[in-house]
Amino acid sequence: MYTLIDGKEIARQVRADVKVRVKAFTEKYGKAPALCVILAGDNPASKVYVASKEKACGWVGIRSVAKKFSADITEKELIEEIQKLNQDPDINGILVQLPLPKGINEENVLRAVAPEKDVDGFHPMNAGELMRAGAMLEPCTPAGCIELLKRAGVELSGANAVVIGRSNIVGKPIAMMLLRENCTVTICHSKTKNMKDILKNADIIVSAMGRPRAVTGDMLKDGAAVIDVGINRLEDGSIVGDVDFESAAKVCGAITPVPGGVGPMTIAFLMKNTMTAAEMQNA
Ligand code: NAP
């Protein structure tokens, strides 16, 4: 029998802790912490993500500011807007919703966000700190995955952990965090030759590849803990993860659902990072 790792409920608990900190901050400084979300263009999925972030701000008492720009904004203009927000004492966190419109170099834009307001944890300085002792602002999705494993009581120290995916925003930081938790970490990617053999030896699998139901139960070790980061939209409009839940659930010890697993944790950790950024800026 497997344990269902309920990301919705765990995210609710994380948000409840943040709410207490927001209340104390607001009472002390006479203003709530503020998160500015930048949306350029009209990508429908991005609009949904931005709306859910605004809603989460409302739940915890963070002031939400949305800066919306048309798809023809230039990289220079966008960076200038970010620089203004960097200087604005009333803004504590800045998040640039990805993807950006064609022609804008995402790397240049992410580098423009002041590291102390970089609540996504994507700035090279925060990414570098993560590689060392750990950053004050760490990427939300990876941090959410580690929290799910811990709250599900999964033993991390000494575990064989396999991360599928090596993106800068998900795969790589998760691998670093698992290493910090004393896992023995293997990273798989599209050129990995014997992924099935590697997965069979994994006590923990974190899949972030964006391939619908590509990981099936027959690939898993008995009792493995499975964290499914993937969000894949099928032709019928439904959303599924990278893991075939039905077959995996027959073999694994614990598993996150999609939706309702990692997704809510990402937003809860965005709230937590905004609160941390506000506290750091006022320390
Ligand atoms: P990405 O930048 O496209 O990276 C995907 C990674 O998966 C790449 O490293 C790629 O390898 C690897 N990959 C692709 N096909 C593979 C295969 N058949 N076997 C092994 N590895 C394979 O994506 P991302 O931004 O990291 O996001 C990954 C997934 O997580 C997406 O579904 C995304 O929607 C989802 N996501 C969810 C949340 C959340 O809050 N739940 C947050 C962020 C992202 P190469 O490097 O060799 O190309």
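We now turn to the structure provided with this report. Going along each chain's sequence as written, the residues are numbered from 1 onward. Thresholds applied to this predicted model are a pLDDT of at least 70 for local features of residues and 80 or more for the giving and counting of side-chain atom pairs; totals over whole chains, interfaces and linings are not thresholded and use all residues. The basis for every side-chain value is the complete set of heavy atoms in the structure, and neither hydrogens nor water enter the calculation.

Whether a residue is near a molecule or strand depends on its heavy atoms: it is near if one of them lies within 4 Å of it. Neighbouring the ligand are 21 residues, the closest being R166, S167, S190, I231 and T266. In the model, an oxygen atom of the ligand is placed 2.7 Å from a nitrogen or oxygen of the R166 side chain. Note that an oxygen atom of the ligand is positioned 2.5 Å from one of the side-chain N or O atoms of S167. Here, Shrake-Rupley sampling with a 1.4 Å probe gives the accessible areas, and only protein chains in the shown set may cover a residue. In isolation the ligand exposes 930 Å². Once the protein is present, 70% of that is buried. When residues in the shell around the ligand are grouped by element, the largest group, three residues, is from helix α10 (residues 262–281). Grouping the constituent residues of the shell around the ligand by class yields nine nonpolar, 10 polar and two charged. A 3.5 Å cut-off defines polar contacts: any pair of N or O atoms within that distance qualifies, except that in protein one atom must be a possible hydrogen donor and the other a possible acceptor, and neighbouring residues in sequence count only when both atoms are side-chain atoms. Counting from the N terminus, the helices are DSSP H or I runs at least four residues long and the strands are E runs at least two residues long. Note on residue categories: nonpolar means Ala, Val, Leu, Ile, Met, Phe, Trp, Tyr, Cys or Pro, charged means Asp, Glu, Lys or Arg, and polar means any other residue, Gly included.

Quick look at the layout of surface pockets now. Site definitions follow a grid-based scheme: protein atoms alone, a 1 Å grid, a 1.4 Å probe that fits but cannot get out for cavities, and for pockets an open set with protein on both sides within 12 Å along at least five of seven lines, plus lining residues having an atom within 4 Å of a point. Grid points are joined across faces, edges and corners, and a volume is the space filled by probe spheres set on the points. By volume, the largest pocket amounts to about 1600 Å³. Lining the largest pocket are 48 residues, and of these Y49, T141, I231, G263 and T266 sit closest to its centre. Counting residues per element, the ones that place at least two in the lining of the largest pocket are α1 (7–29), α2 (44–60), β4 (93–96), α6 (140–151) and α10. Considering each element in turn, the lining of the largest pocket owes the most residues, nine residues, to α2. For the lining of the largest pocket, the class distribution of residues is 27 nonpolar, 12 polar and nine charged. Lining the second largest pocket are 16 residues, and of these F122, A127, N168, I169 and P173 sit closest to its centre. Of all the elements in the fold, those that place two or more residues in the lining of the second largest pocket are α4 (106–112), α5 (124–131) and α7 (171–180).

Coordinates in, geometry out; function isn't part of it.
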